[in-house]
Every structure is written in structure tokens, then in C-alpha cells.
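Each chain is listed here by its residues.
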Amino acid sequence: MSNRKKRILTGDRPTGNLHLGHYVGSLANRVKLQNDYESYIIIADVQALTTHWEKDDYLARDIYQITTDYLAAGLDPDLSTIFIQSMIPEIHELTIYYSMFTSVNVLRHNPTIKTEAAQHGFKDMTYGFLGYPVSQAADISIFKADLVPVGEDQVPHIELARKIVRRFNDLYTPVLVEPEVLVGDVPRLIGLDGKSKMSKSLNNSIFLSDSKDEVNKKIRNALTDPARIHKTDPGHPEVCTVYEYHKVFNPGEIEEIEADCRKGQIGCVTCKKKLSGKINELLDPMRERRQKYLSHPELITEILMEGTKKAHKVADATMAEVREAMGLNYFRK
Ligand code: TRP
């Protein structure tokens, strides 16, 4: 165990295109770390059902979409195992065992659950929705993950996973691994509207799949300092969305841009062009990789099938240990 390569487990619900917020919040970390860790990336389709439980005709399409985004962003299927949650039944078995010793009150007080319940207008939460952090703890621990790179909103869930693992190891035999959380460099990227965080449902996103023209247009229409009418008016970068994005996507020029803006020496049009240039520079190699998969969609099927098969083996092995630890291996001795 001690000389095995450290593992990562992380993933997303397949609910639409990934955007720049996902990239800087977590995806960039996953791409970087796949060289040093054995990486497992879960496409959490069952978790998606916790808010979209009616038969979802888009689920299959969204699974392909997110896998394409992952590969375009630079996840390498030889280094990162991408798999589908519903196809690993052991995860659901482990969820049930965890649910026996997880308190309903602890789940009710989970801040992310509270925020999401309010967002979805849930007055009464379903058992599945309230319990999805338990299922997420199973996702993580069945792979004995050491590290979970995620966005900031997921931190309470990883904390719960740590608690559940500790409890399990304490109650039975210490076979599970307590995971660490890793939040990206930019835990919360603001949206193009300058108000809330970038989110598909708020219609304020730049998607990884956006074309050059789309990026240029979105940045052209992005909110800047409303007090600045003429190019020579002194600007206030602290209220400007474009400046916020320069901080993230163009850190090399940030001091110059700030100074020139305050002195009224750089106009918003020029400033926006610089930014779209930088964002397109980041997205260009992704566009190239995406093209390859769009012209060979069968590669996506293959990657998902292979990934799920590999992930299944790992989950299966952990579950054998879990059942033994719990004394549930009646006829297997
Ligand atoms: N809750 C995550 C999200 O909404 C998705 C997810 C499911 C996940 N299982 C996970 C993330 C395990 C990290 C680890 O995006």
C-alpha cells in the first residue's frame, strides 16, 4: 500500500458544457496532476438524477459532451481513467453501508446542500438529494483516493467523506483512505455579468467549446467600469469584470493594465481585445483536440468503456475488503 502511486478521484455531474470557471476552479489542476497521480474521473450521472430525476433524454448526450470537454481540456485517457458512475454498482452498495452511520442532521446542515436546495426551490428534499454527499463519499473512498481536486463549493462534501472514512476505519478495520481536498487557483470565477459566479444556468459563461468569434463577442459585450465613458476617463479596475479576467488569464500584463486604466491610457476596446487574445490562446489547443474527437466520436465510446471497466476492477477490490471488514463476507472465506 505504502509504495503505490497516490490516487486522485474527482469528477462532475453531466449537466452541460464546461466553462472557464470549471477550468480554473479544478480542471486545470486535474490536467496538471494526472502526471503524478493515478487519476480517476467520475461522470456522476446518478448524482445528476438527484435534481433531474425525471427520465432525462439528455443524459447520454451530456455524458459525451463532458467527456469531450475533458479530453479537449487535456485529460489524457492513458493517464486519467474516465468512467460512468451508474455503471459501478459497488458505489451504490457502499453508499447504503455509509448511510447506516451518517446522521440526517449533519446532511441537513451541509452548506452546499442548503444552497442548492434553495436554488432548486426544494421545500422538502428527497432522500436521494439530501443523501448525495454520502454517495459522493462512496465515489471517493471506493477508489481509496488520496486527493480530490474540486471547486470551492465541494469542500463540505470532501470534509464529510473524511469523517465517514474515519468512522468506518474506527468501527471496522482501517481499510479506507482519508482524502485531502485541493481547490484550484481561482476558486470562484465571476461571470460575464460581473455579478455572480460563472454558471451555465445564469447565462454568463465562456464555454471551453466556444469558437474564437464567440469568445471575442462575449468579451466585447462584457461589463466594464460604468463610470468610464471616454477612453481618457480614469478607470476603476476594481469594479471591472474584464480586469478580473486579466488577473486570471493575463497575469503577466496585469500591473501595466491596471496602471494604464487608472490613468485613462488604455481604452476598454483595446483592453478587451488583449483579453480575448489571451483566452483564445488558452482555448486554441483545446479546439484542436476537440476537433479530433468530434470527427471520431467512436473514440469517446471506447474511452468511456475502457475507463469504466478499469474503474470497476478497483471498486470491486475495495468492496471485497469492505465486506470483510464489516463481517458481510459470509460464504467467501
Ligand atoms: N458533486 C460534484 C459536482 O457537482 C460531482 C461529484 C460526484 C464529485 N462525485 C464526486 C466530485 C466525487 C468530486 C469527487 O460537480
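Details of the structure are given in the entry above.
Described in the following lines is the structure provided in the data block. (Residues numbered from 1 in each chain as written. Predicted model: local features only at pLDDT ≥ 70, side-chain atom pairs only at ≥ 80, totals over all residues. Heavy atoms only, no water.)

1. Topic: the site of the ligand
Neighbouring the ligand are 14 residues, the closest being R13, Q47, Q136, D139 and Q154. In this structure, R13 approaches the ligand through a side-chain N or O atom, which is 3.3 Å from an oxygen atom. One of the side-chain nitrogen or oxygen atoms of D139 is found 2.7 Å away from a nitrogen atom of the ligand. Against a free-state accessible area of 370 Å², the protein chains account for coverage of 92% of the ligand. No other element matches the 4 residues that strand 1 (residues 7-12) contributes to the shell around the ligand. When its residues are assigned to classes, the shell around the ligand shows 6 nonpolar, 5 polar and 3 charged. (Near = heavy atom within 4 Å. Polar contact = N/O pair within 3.5 Å; in protein donor to acceptor, adjacent residues only side chain to side chain. Areas by Shrake-Rupley, 256 points an atom, 1.4 Å probe, with all protein chains shown as cover. Helix = DSSP H or I, 4+ residues; strand = E, 2+ residues; numbered from the N terminus. Nonpolar A, V, L, I, M, F, W, Y, C, P; charged D, E, K, R; others polar.)

2. Points about the environment of K114
As for its placement among the helices and strands, K114 is situated in helix 6 (residues 111-119). The class of K114 is partly exposed, set by a relative accessible area of 45%. Each C-alpha atom of the pair K114 and I257 lies 39 Å from the other, and the pair is 143 residues apart in sequence. (Buried < 20%, exposed > 50% of the residue type's maximum accessible area, 1.4 Å probe, protein only.)

3. Focus: helix 1 (residues 20-33)
With 14 residues, helix 1 extends 18 Å from end C-alpha to end C-alpha; this agrees with the ideal 20 Å at 1.5 Å per step. At S26, helix 1 is bent by approximately 50°, the largest bend along its length. The buried fraction of helix 1 is high, at 11 of 14 residues. Within the sequence span of helix 1, burial applies to L20, G21, Y23, V24, G25, S26, L27, N29, R30, V31 and L33. (Expected span 1.5 Å × (residues − 1). Bend = angle between axes of the 7 residues up to and from the residue.)

4. Re empty space enclosed by the protein
Within the structure shown, the criterion is met by 1 cavity of 30 Å³ or more. Of the voids in this model, the largest cavity is the one considered here, and its volume is about 80 Å³. In terms of lining residues, the largest cavity is bounded by T224, D225, R228, C240, V242, Y243, I257, C261, I266, G267, C268 and C271. Elements represented by at least two residues in the lining of the largest cavity include exactly helix 11 (241-249), helix 12 (254-262) and helix 13 (268-295). Partitioned by chemical class, the residues of the lining of the largest cavity number 8 nonpolar, 2 polar and 2 charged. (1 Å grid on protein atoms, 1.4 Å probe; cavity = no way out; pocket = protein on both sides within 12 Å on 5 of 7 lines; lining within 4 Å. Points joined across faces, edges and corners; volume = space filled by probe spheres on them.)

5. A word on the packing of aromatic side chains
Here a ring pair, both rings aromatic, is described through the centre-centre distance and the interplanar angle of the planes. Scanning the entire structure with this criterion turns up 10 aromatic pairs. Relative to F143, the ring of F83 lies with its centre 5.1 Å away and its plane at 45°, an arrangement referred to as tilted. With a gap of 60 residues between them, F83 in strand 3 (residues 80-84) and F143 in the loop between helix 8 (132-141) and strand 4 (147-150) connect regions that are remote in the sequence. For the pair shown, F83 and F143 are each scored as buried. On the basis of an interplanar angle of 75° and a centroid distance of 6.4 Å, the ring pair of Y98 and F168 is categorised as edge-to-face. Of this pair, Y98 sits in helix 4 (residues 89-100) while F168 is found in helix 9 (residues 155-171), placing the two residues 70 residues apart along the sequence. (Phe/Tyr/Trp six-rings, centres within 6.5 Å; stacked < 30°, edge-to-face > 60°.)

6. Brief notes about the layout of surface pockets
Where empty space is left becomes clear once a probe the size of a water molecule has been rolled over the atoms. Reported here for the second largest pocket is a volume of approximately 430 Å³. For the second largest pocket, the lining is made up of 17 residues, of which T95, S99, Y127, G128 and G131 are closest to its centre. Elements that contribute at least two residues to the lining of the second largest pocket include exactly helix 2 (45-49), helix 4, helix 5 (104-108), helix 7 (127-130) and helix 8. Sorting elements by how many residues they give to the lining of the second largest pocket places helix 4 first, with 4 residues.

7. Quick word on the pattern of salt bridges
Counted under the stated rule, the structure contains 21 salt bridges. When the shortest N-O distance is used, the salt bridge between D146 and R4 registers 3.4 Å. One end of the pair, D146, is in the loop between helix 8 and strand 4; the other, R4, is in the segment before strand 1, with 142 residues separating them in the sequence. Here the residues in one salt-bridge network are R162, R166, E178 and E180, joined through shared partners. (Salt bridge = Lys/Arg side-chain N within 4 Å of Asp/Glu carboxyl O.)

8. Observations regarding the pairing of strand 5 (residues 180-183)
Sheet topology note: the strand 4/strand 5 ladder contains 4 bridges and is parallel. Counterpart to L147 in the pairing with strand 5 is E180. In terms of handedness, the path from strand 4 via helix 9 over to strand 5 forms a crossover that is right-handed. (Pairing = 2+ DSSP bridges. Right-handed = clockwise from strand over helix to strand, strands pointing away.)

9. Topic: unusual backbone geometry
We note that K144 has phi near 50°; this positive angle belongs to a residue other than glycine. By the secondary structure assignment, K144 is in the loop between helix 8 and strand 4. With a phi angle near 60°, N203 is a residue other than glycine that sits in the positive phi range. Inspection of the secondary structure puts N203 in the loop between strand 5 and helix 10 (212-220).

10. Here we look at the side chain of S80
Structurally, S80 is set in strand 3. S80 sits in the buried class, given a relative accessible area of 1%. Polar side-chain contacts of S80 include one of 2.8 Å to the side chain of Q34. Here S80 is in contact with Q34, S39, I41 and L75, once residues within four sequence places are set aside. (Contact = heavy atoms within 4.5 Å.)

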